[in-house]
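Single-letter residue listing:
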Amino acid sequence: MINADELELTEKLIDINRIAKTVSGGRRMSFSALMVVGDGNGHVGFGHAKAKEVPEAIRKANEIARKSLMYVPRKNGTIHYATTGRQDASRVLLKPAVEGTGVIAGSAVRAIMDAVGIRDVLTKTHGSRNPVNVVRATINGLRELESPEQVSARRGKA
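Bear in mind the structure is a predicted one, so any value in this text is a computation, not a measurement.

A. Main features of the overall build of the protein chain. For the protein chain, the count of helices and strands is 4 helices and 8 strands. Its helices and strands taken in sequence order, the protein chain reads β-β-β-α-β-β-β-β-α-β-α-α from the N to the C terminus. For the protein chain, buried positions account for 40% of its 158 residues. Taking contacts inside the protein chain between residues at least 6 apart in sequence as the whole, the part at least 24 apart equals 57%.

B. The arrangement of the nonpolar core in detail. Grouped together as the largest cluster of nonpolar side chains are 25 residues, with contacts concentrated most on Val44, Met113 and Leu142. Counting residues per element, the ones that place at least two in this core are strand E2 (26-38), strand E3 (43-51), strand E6 (90-96), helix H2 (107-116) and helix H3 (131-144). Apart from residues no more than four positions distant in its own chain, leucine 142 is found in contact with Met70, Val72, Leu94, Ile112, Met113 and Ile118. Counting residues in hydrophobic clusters, the runner-up holds 6 residues, among them Met35, Ala49, Ala51 and Ala57.

Conventions and cut-offs
Residues numbered from 1 in each chain as written. Predicted model: local features only at pLDDT ≥ 70, side-chain atom pairs only at ≥ 80, totals over all residues. Heavy atoms only, no water. Helix = DSSP H or I, 4+ residues; strand = E, 2+ residues; numbered from the N terminus. Buried < 20%, exposed > 50% of the residue type's maximum accessible area, 1.4 Å probe, protein only. Contact = heavy atoms within 4.5 Å. Core = buried A, V, L, I, M, F, W, Y, C linked by side-chain atoms within 4.5 Å.

Shown next, in the form of structure tokens:
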């Protein structure tokens with residue numbers, strides 16, 4: 001488990017959504033916030049929360065994101081190999097890129113790559129472009145990544 005208090009985290013708000021619940025007296029409004037936090041050095045987490053007021057939703061999403069931190073292995077500012085993350089109808093393809101390429105990605109995926117500290121990567125989102133599912137798919141793709149050391153240890157090789 002990664003301790004969020006020890007890291008210098010940057011916060012990025014990806015999406016705020018107004019939600020209307022119809023009740024007998026009319027509509028009840030609430031807000032959902034989607035947030036990513038990362039230290040720019042391989043640690044990233046995301047949070048999605050709802051509340052009656054926008055600042056409260058952002059605070060709750062930030063808290064959830066800090067609790068969900070994970071480590072992503074990187075190589076010279078990119079990822080080790082291509083991977084695909086899936087969540088419901090969203091698929092996000094992540095491909096390593098040569099130095100100087102930059103982050104070729106949509107806004108939600110770009111926020112995650114900036115937070116984790118990946119400077120050169122090619123991405124493509126297929127299927128649903130729903131920000132929540134795109135973020136979850138990207139995190140799922142990053143979660144699958146292993147460094148060569150982890151792969152060799154898992155296979156019992158030197």
